[in-house]
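Take a look at the letters that make up each chain.
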Amino acid sequence: MNPKIRAFCQRLGIAHPIIQAPMGGGGSTPALVAAVSNAGGLGSLACAYLTPQQTAEAIAEVRRRTQKPFGVNLFAGGYEKAGDQGPVPPAMLALMARHHSALGLPPPEPPPPQSDPVPAQMEAVLAARVPVFSFTFGMPAPALLARFKADGTYVMGTATTVEEGRRLVAAGVDAIVAQGSEAGAHRGTFAAPFERAMVGIVALVPALVDAVGELPVIASGGIMDGRGIVAAEALGAVAVAMGTAFLVSDEAGVPDAYKAALTKAPEDRTALTRAFSGRPARGVVNAFMDEVERTAADAIAPFPLQNALTRPMRNAAAKAGDAERLSLWAGQGLRLARRMKAAELVRVLVNESEETRRALSS
Ligand SMILES: Cc1cc2nc3c(=O)[nH]c(=O)nc-3n(C[C@H](O)[C@H](O)[C@H](O)COP(=O)(O)O)c2cc1C
């Protein structure tokens, strides 16, 4: 381990510089988070779609399962226009009605105006005094970050460009998660047009490392095995945050149809879409995504309205095992996904990293 990586692991109290990335929507269950933390990595609970009460319960459940450090993640933005997003376009309601009918659901109701859940969620996470807090989609106010830090919580913000990294440093974060364009699910972009902030980690990580000085940078996006981990180290990252790799593990809380679709799809089957949530996110192309992108891209409601609109369909599809109507969020590394228990994956990753380092130095 190089001194920067060792210092990061020591500060967090973890044995390996491997973070299971937070995965909202049910992926990162308390069981997954605890399994990764117990195996010496850092598990991360995603709470963006949970109420404050559910957040408190999920954190308590992680604590029942592990004594080790873990992270909790929230969205720190994206709701600026919530409550004032106008009606859902009729073309989108008509499209959704067809998908509801296929699943045996009544026609969709236009969702009520969405409110901003973030302030109450932040208070719930603060009250739980968690070891690590991470966020994406923006930046909490520096005064709020100072409250986390005053409690001893280690704070990590997500950047997709160097400019975003600089803003996070100015706000007082302890570390930056560099989310490359390879990454699964929503883009964390908050200070650039989404299309222009599609920077891969080979370009993004060293640029951020150079820009933010001593602050630790964590590489995230498309990393699936020991080769990716060692490559991230070479780029100057102190750790990796892996989502898709852990999403197919036994403890991840997504339907089996999702895990099966992921392990079947090659790297050229993911695309960025706003179809499910109104916000650009990378997932495996399926029938719903394809239809919306081809026929109704102009009728997609903004986040979080589109997300609320498609939720009943996604929930019913999950129950029915219908992968064509689920948001199959996944990164570009999905061909390398391996189904196993999360603790086993951490062990495999540690061994592979050692082998890769040996091979490079021989
Ligand atoms: C299903 C899924 C859900 C995600 N949800 C969140 C989230 O709630 N908060 C967050 O910061 N990142 C979220 N991410 C992004 C991850 O933190 C990370 O950037 C990404 O998984 C890295 O790319 P990879 O999937 O190729 O490893 C999610 C990723 C996936 C695959």
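These lines cover the structure that appears in this document, whether it is placed above or below. Remember, it's a predicted structure, so these values are computed and weren't measured experimentally. (Residues numbered from 1 in each chain as written. Predicted model: local features only at pLDDT ≥ 70, side-chain atom pairs only at ≥ 80, totals over all residues. Heavy atoms only, no water.)

1. Some words on unusual backbone geometry
Note the following rule: A run of DSSP states H or I qualifies as a helix once it reaches four residues; a run of E qualifies as a strand once it reaches two. Both are numbered from the N-terminal end.
In the segment running from Phe-303 into Pro-304, the intervening peptide bond is cis, with an omega of 5 degrees. With respect to the helices and strands, the residue Pro-304 is situated in the loop between helix 12 (287-295) and helix 13 (305-320).

2. A few points about the site of the ligand
The condition is simple: We call a residue near a molecule or strand whenever a single non-hydrogen atom of that residue lies within 4 Å of it. Here a polar contact is recorded for every N or O atom pair within 3.5 Å, except that within protein the pair must consist of a potential hydrogen donor and a potential acceptor, and residues adjacent in sequence are included only if both atoms are side-chain atoms. Each residue is assigned to one of three groups, with Ala, Val, Leu, Ile, Met, Phe, Trp, Tyr, Cys and Pro labelled nonpolar, Asp, Glu, Lys and Arg labelled charged, and all others, Gly among them, labelled polar.
As a structural note, the neighbourhood of the ligand is formed by 22 residues, with Gly-24, Asn-73, Gly-222, Gly-243 and Thr-244 the closest of them. Here a nitrogen atom of the ligand sits 3.3 Å away from a polar atom, N or O, in the main chain of Pro-22. Contacts to the ligand include Ser-220, whose side-chain N or O atom sits 3.2 Å from an oxygen atom. Put simply, the parts of the chain that give the shell around the ligand at least two residues each are strand 3 (70-75) and helix 10 (244-247). For the shell around the ligand, a count of residues per class yields 11 nonpolar, 11 polar and no charged.

3. Section: the sheet that holds strand 11 (residues 281-284)
The pairing of strands in a sheet happens through backbone hydrogen bonds and is either parallel or antiparallel. Put simply, the rule is: Strands pair, by our definition, only if DSSP identifies at least two bridges between them. Here, two residues are considered to be in contact whenever any of their heavy atoms come within 4.5 Å of each other. Only the contacting stretch of a helix is used when fitting its axis, a line to C-alpha atoms as for every element, and angles between N-to-C directions run 0 to 180 degrees.
Taken in spatial order, the 3 strands line up as 7-11-10 in an open sheet, and their pairing is antiparallel. Whereas interior strands pair on both sides, the edge strands pair on one side only; in this sheet they are strand 7 (185-186) and strand 10 (270-273). Here 2 bridges tie strand 7 to strand 11, and the two strands are oriented antiparallel to one another. From the neighbouring strand, Ala-185 faces strand 11, where its bridge partner is Arg-282. The sheet contacts of helix 12 involve strand 10 and strand 11, and relative to strand 10 the element is tilted by about 50 degrees.

4. Structural notes on the packing of helix 5 (residues 118-128) against helix 6 (residues 142-150)
Applied cut-off: Roughly parallel refers to an angle under 35 degrees, roughly antiparallel to one over 145, roughly perpendicular to one between 65 and 115, and oblique to any angle outside these ranges. Here a crossing is taken to be left-handed if its near helix is turned anticlockwise relative to the far helix by less than a right angle, and right-handed if that turn runs clockwise.
Running from amino to carboxyl end, helix 5 crosses helix 6 at an angle of 20 degrees, the nearest separation of the two axes being 9 Å. When the interaxial angle is binned, helix 5 and helix 6 end up roughly parallel. With respect to the hand of their crossing, helix 5 and helix 6 are arranged in left-handed fashion. Here Met-122, Glu-123, Val-125 and Leu-126 of helix 5 lie close against helix 6, whose contacting residues are Leu-144, Arg-147 and Phe-148. For the contact of helix 5 with helix 6, the class distribution of residues is 5 nonpolar, no polar and 2 charged.

5. Section: the sheet that holds strand 5 (residues 154-159)
If you trace the 8 strands from one edge of the open sheet to the other, you get 1-9-8-6-5-4-3-2, paired in parallel fashion. Single-partner strands in this sheet number two, and they are strand 1 (18-20) and strand 2 (43-46). Averaged over neighbouring strand pairs, the angle between their axes works out to 25 degrees when direction is ignored. When strand 6 (residues 175-179) meets strand 8 (residues 217-220), the two strands line up parallel, connected through 4 bridges. Bridge assignment links Val-177 to a residue of strand 8, and that residue is Ile-218. Helix 5 contacts strand 3 and strand 4 (132-136) of the sheet and is inclined by roughly 165 degrees relative to strand 3.

6. A word on the pattern of salt bridges
A side chain with one charge can pair with a side chain of the opposite charge if their charged atoms come near. Using the following cut-off: What makes a salt bridge here is a side-chain nitrogen of Lys or Arg within 4 Å of a carboxyl oxygen of Asp or Glu, nothing more. Type-normalised accessible area, obtained with a 1.4 Å probe on protein chains alone, sets the label of each residue: buried when under 20%, exposed when over 50%, and partly exposed for intermediate values.
Following the criterion strictly, the structure yields 16 salt bridges and no others. Here Glu-163 and Arg-167 are joined by a salt bridge, their closest N and O atoms 2.9 Å apart. One end of the pair is Glu-163 and the other is Arg-167, both in helix 7 (residues 162-171) and 4 residues apart, which spans about a single turn. Given a relative accessible area of 37%, Glu-163 falls into the partly exposed group. Classification of Arg-167 by relative accessible area gives partly exposed; the value is 39%. Here Glu-352 and Arg-338 are joined by a salt bridge, their closest N and O atoms 2.5 Å apart.

7. Digging into the pairing of strand 3
Our working definition: Whether a crossover is right-handed depends on one test, that the path from the first strand over the helix to the second runs clockwise when the strands point away from the viewer.
Burial of strand 3 is extensive: 6 of the 6 residues sit out of reach of the surface. As judged from the 4 bridges shared by strand 2 and strand 3, these two strands associate in the parallel manner. In the strand pairing of strand 3, Leu-45 is matched with Val-72. For the handedness criterion, the β-α-β arrangement of strand 2, helix 3 (residues 52-65) and strand 3 is classed as right-handed.

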